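The primary structure of each chain is shown beneath.
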Amino acid sequence: MKSDIILSGVGGQGILSIAAVIGQAAVSAGLHMKQSEVHGMSQRGGDVQSHLRISDKEVFSDLVPHGGADMILSVEPMESLRYLPWLSKQGWIITNSQPFINIPNYPDQKAVIAEIEKQPKHIIINADELAKAAGNSRGMNMVMAGAASLFIDIPQEKMEGAIQFLFGRKGEEIVKSNIAAFRAGREFAQKKRG
Amino acid sequence: MAKNVMMLMGDEAIAQGAIDAGVSGFYAYPGTPSTEIMEYAQHSKDAAALNIHRQWSANEKTAMESALGMSYCGKRAMVSMKHVGLNVAADPFVNSGVTGANGGIIVVAADDPAMHSSQNEQDSRILAQFALLPIFEPANQQEAYDMAFAGYELSEKYKTPVMLRITTRLAHSRAGVELKPRLKQNALKLPENKRQFVLLPGIARKQYKTLIANQAKFVEESEKSPFNRYIDGADKSRGIIACGIAYNYLMENYPNGCPHPVLKLCQYPAPKKLIEKLVKETKEVLVLEDGQPMLEESLRGLLDRDVKVKGRITGELPRDGELNPLFVRRALGMADICGAPAPAIVAARPPAFCVGCGHIDAYNAIKQVVTTGYEDGHVFADIGCYTLAALPPFEVVNSCVDMGASITMAKGAADAGLFPACAVIGDSTFCHSGMTGLLDCVIENSNVVIFILDNSATAMTGGQDSHALGRLQAICKGLGVDEKHIRIVNPLKKNHDEMVQVIKEEIEYKGVSVIIPTRECIQTLGKKNKKGGE
Ligand SMILES: Cc1ncc(C[n+]2csc(CCOP(=O)(O)OP(=O)(O)O)c2C)c(N)n1
Ligand code: SF4
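Residues numbered from 1 in each chain as written. Chains lettered and ligands numbered in written order. Predicted model: local features only at pLDDT ≥ 70, side-chain atom pairs only at ≥ 80, totals over all residues. Heavy atoms only, no water.

Caption draft 1: Focus on the overall build of chain A. A count of helical and extended segments in chain A gives 7 helices and 6 strands. Mapped from its N terminus to its C terminus, chain A presents α and β elements in the order β-α-β-β-β-α-β-α-β-α-α-α-α. Here the C-alpha atoms of chain A give a radius of gyration of 16 Å, agreeing with the 16 Å that 2.2 N^0.38 yields for 194 residues. In terms of overall dimensions, chain A has C-alpha extents of about 40 × 40 × 40 Å along its principal axes. (Helix = DSSP H or I, 4+ residues; strand = E, 2+ residues; numbered from the N terminus. Rg over C-alpha atoms; globule rule 2.2 N^0.38 Å.)

Caption draft 2: Main features of the pairing of strand 10 (residues 239-243) of chain B. Residue and element names in this part refer to chain B. Counting buried positions along strand 10 gives 5 out of 5 residues, so the element sits mostly inside the fold. Every second residue of strand 10 is oriented toward a common face, with Gly-239, Ile-241 and Cys-243 on one face and Ile-240 and Ala-242 on the other, all of them buried. Here strand 10 runs beside strand 11 (residues 262-265); their pairing, made up of 4 bridges, is parallel. When the bridges of strand 11 are listed, Cys-243 appears paired with Leu-265. In the classification by handedness, the crossover that spans strand 10, the intervening helix 11 (residues 246-253) and the parallel strand 11 is right-handed. (Buried < 20%, exposed > 50% of the residue type's maximum accessible area, 1.4 Å probe, protein only. Pairing = 2+ DSSP bridges. Right-handed = clockwise from strand over helix to strand, strands pointing away.)

Caption draft 3: Looking closely at the interface of chain A and chain B. Each partner contributes residues to the interface: chain A has 40 residues there, and chain B has 46 residues. Around 3800 Å² of area is buried between chain A and chain B when both sides are counted, 59% of it from carbon and sulfur atoms. The largest contributions to the chain A side of the interface with chain B come from Met-41, Arg-44 and Phe-60 of chain A, which together make up 21% of the buried area. Linking chain A with chain B are 4 salt bridges, by the criterion used here. Note that Glu-252 of chain B and Arg-53 of chain A form a salt bridge whose closest N and O atoms lie 2.8 Å from each other. Remark: the boundary between chain A and chain B carries 19 residue pairs in polar contact (both at pLDDT 80 or more). Broken down by secondary-structure element, the contributors of at least two residues to the side of chain A that touches chain B are strand 2 (32-36), strand 3 (47-55), helix 2 (77-82) and helix 3 (109-118) of chain A. In the side of chain A that touches chain B, the residues fall into 18 nonpolar, 12 polar and 10 charged. Bridge count between strand 2 of chain A and strand 8 (residues 173-178) of chain B: 3 bridges; the pairing is antiparallel. Note on strand 8 of chain B: the bridge partner recorded for Gln-35 of chain A is Arg-174 of chain B. (Contact = heavy atoms within 4.5 Å. Buried area = accessible area lost by both parts, 1.4 Å probe. Salt bridge = Lys/Arg side-chain N within 4 Å of Asp/Glu carboxyl O. Polar contact = N/O pair within 3.5 Å; in protein donor to acceptor, adjacent residues only side chain to side chain. Nonpolar A, V, L, I, M, F, W, Y, C, P; charged D, E, K, R; others polar.)

Caption draft 4: Molecular detail of the pattern of salt bridges. All names here are of chain B. The tally for this structure, following the rule as stated, stands at 43 salt bridges over all chains. Where Lys-236 meets Glu-281, a salt bridge forms, and the shortest distance between an N and an O atom there is 3.7 Å. Pair noted here: Lys-236 is in the loop between strand 9 (229-231) and strand 10 and Glu-281 is in helix 12 (residues 272-281), with a separation of 45 residues, a long-range link. Residues Arg-487 and Glu-506 are paired through a salt bridge, measuring 2.7 Å at the closest nitrogen-oxygen approach. Of this pair, Arg-487 sits in strand 18 (residues 486-489) while Glu-506 sits in helix 19 (residues 496-508), and the two are 19 residues apart along the sequence. Under the relative-accessibility criterion, Glu-506 is labelled buried at 2%. Members of the salt-bridge network, linked through shared partners, are Asp-111, Asp-123, Arg-125, Glu-137, Arg-165 and Glu-289.

Caption draft 5: Just the sheet that holds strand 18 of chain B, in detail. All names here are of chain B. In space, the 5 strands of this open sheet follow the order 15-16-17-19-18, with parallel pairing throughout. Edge positions in the open sheet fall to strand 15 (378-380) and strand 18, since each of these has one partner strand only. Between one strand axis and the next, the sheet turns by 25 degrees as a mean value, whatever way the strands run. Where strand 18 lies against strand 19 (residues 512-517), 4 bridges are found, and the strand directions are parallel. What sits directly across from Ile-486, in strand 19, is Val-514. Helix 15 (residues 358-373) contacts strand 15, strand 16 (421-426), strand 17 (448-453) and strand 19 of the sheet and is inclined by roughly 165 degrees relative to strand 17. Each of strand 16, strand 17 and strand 19 is contacted by helix 17 (residues 427-444), which is oriented at about 150 degrees to strand 16, the strand it contacts most. (Axes fitted to C-alpha atoms, helices over the stretch in contact; angles between N-to-C directions.)

What follows is the structure, given as C-alpha cells:
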C-alpha cells in the first residue's frame, strides 16, 4: 500500500491537524510514514503545504515526487490547483469549496471551481457548511480528513482512534464533535464517489 | 510497538538525541528552520526532570559562547541556529576549533536552501570546513537522533566541537525514530590543561597545530563511520556521491535499488579512500548536495583534471535552490514524470501581516509622514514580521540585510547626508544586534529616528519570548539616548494622528530619537488568552 498526499491551504488554516490525524492513524496501523511541513515566513497567511507519505515499504524522500501524489487534499480551492504538477494521472483532488481571500487579486471563484472540475477525479466539498451541520463549526479540517480517509487504505476505526488519541486531552466533547465532522466528510465523499 | 519509537521532526530528533546522550545545556537564538530544537527541549518533561539548561540567548554569538563555557566545565552542550546565525556566531565558532572542547559540543546549523524563510542560502558545511571541524549531515530523522550520540563521542574523543548540519526539509519533516538507552550527564570537570582556552598567540599557535594534526584522524573517522556507506552497483558507467538528505532523493528514483555504485556521505571531512574507490571504479561521478557544491568543487579541483565530476557546477543539477526528487531524476538522465501545470489563474499568495497586527498601524503613520512630508525619506528596516511592509500595500521598506543593520545603515545614510534617515527594528532584533548600533548613533549624536516595534515577542519565528520585555526604555536610556526623545506610542488606529505628530516632532529633532510603538503581537496574545481560558 502507498498513499502520497499533498495537503494544502493558507497559513493559519490548520492543515497540520489533518496531517496529524492521518499520520497518527498510519503509525497505529504499523505503516511507514514521513510528513514534511512548512514552518516560518509562509505561515503568515501565505500558501502552505505538507507532504504526507504513507507506505508499507520504507519511505525515502520527505517530499512527494512530481507526478507522484495519489491525492491533493486542500482546505482552500485555489490552493488545490497550485500543486497539480505533483498529482499523478490517477490521483484525486479533494478540496474544500470555500475560498480564503486575503489577496487583492484572488481569481473569479467560479473559474477556480471550473478548473478543479476539469480534473478527471475530484471531490469538492463545502466543508465549512458540513462541519456546522455536524454541530462543529470549527471542524472543517476534520470534515476534510474524513473525506480523504475514504481513499486511504487505513481502517476507519484507526482514523477515529487517532482523533481520540490526539484530542482526548481536550475532553470527550471535543473528540465526539470531531468524529462527527470526520464522519460527515467521509459520508459526503462516499456519495460523490458512488 | 515493542521498540521505543517516537514520531519526530528532524529538529525534534536532534533535541531528543541530545537529551538522551547526556546533554547538560541547550543554547540558541530562534531562526527558521532551527527553532524547534530549543522549543522541543523547553517542552520536554525529561529535560525538565534532568534539570537541563534550555533558555534562549540574546543572539547566536552569546549562545555559542555559553555553550563553550558549559563545555569548559566538562559538560555536554548543544548550540543551535539557522545558517545566517552562524555568521553572527562565527567568531567564537571558528575560535572554538582552536580552543577545542572539554565536554562535548555540537553546533547545529540549519541551512535553508531555496530561502524559504531566509536572506540567503549559504552552506554551513563550508564554515565548518573553514574552521577545520568535523561535520555530521543526517539523511533522515533516525540519523539526526543517532548523530547526537556519535557527535558527542567524537567531540570528546578529540576534544573538538563538531557541527551537525541539516537543511529545512529534514528539520521540518517527521518520521519514526527509535530511541536508545539514555546516558548520564557528565560531572563537572575542569580542563586538564589550564591554558587550553587561553588564546594568546603563543598558546593559540600550539593549539592550532594540534587542530591541523587532527585533520588526518578526522578523515580516518569518516572512512569508518557507519553514516558513510559504499553501496556497490553493477553499472560502472557512473558513480554517485549522495550527501545527507540527497541520498533519499536518489533512492526515491530507484525503488528497486540503484544500479550504480553509490557513496552515501554523511560525515566529513570527506573520506578520501572511499571517494578514491568510487572514482577508480566508475567512468564519471555525479555529486548530489543539498546546498552549495562544496564537495563537487573540491573533487573537481581548480584545474579540472582527469576525474569527470558532474553536479551543480556542470548544470546536471540547478546551481542554486533546494534539491528534490525531480531535479535528481533529471540529473540521472531519466525522463520527467510530472502532473499538469498549475492553471494560470492561480495567484501568488505572499505572506502578510495578521489582521489587527500593531505593525500595520505603526507603518500607516510612518508611511504618511515619510512619504508625504519628505522627498528623500527612507526607511531602513530589519528582519522580522515588520519586513513584510516591503510588500504591497505598504512598500515603504527600503532595506533588509541582516539583523541589526537597520540602525547602522540609517546611521551611515545620515552620515552621508540623507534626511530623514529612519530605522525600523523589532524588539527581539534590537536586543540581538541593535543595541551596539544605537550606541554608535549616540556617540556621534547622529540624526536618525529609530522605531523599535515592541510587540513583546519574537513573532516571525513563532512568538518566542523576547529579551526586550519590559527593558527597552531602560536600555535606550542606559545607552545614552536623551529621555525626552524616547517616545512610547500605542499603535492603534485611533491613535494615528498622535503617532503622526510624534514622528514629525522626532524627525525635526536633530539628533538620536527612539520611538517605541508598544502593543503585543496578536498571535502571542491569542495563545495566552486561550491558555488562560482552558
Ligand atoms: C542572524 C539571524 N538570526 C535569526 C534570524 C531569524 N529571525 C528572523 S526574524 C526574527 C525575529 C524577529 O523578532 P522581532 O525583531 O521582535 O520582530 P517581530 O517578528 O516580532 O515583528 C528572527 C529570530 C535571522 N534572520 N538572522
Ligand atoms: S505574528 Fe504578530 S507581529 Fe507577526 S504579523 Fe502576526 S500579529 Fe503581527
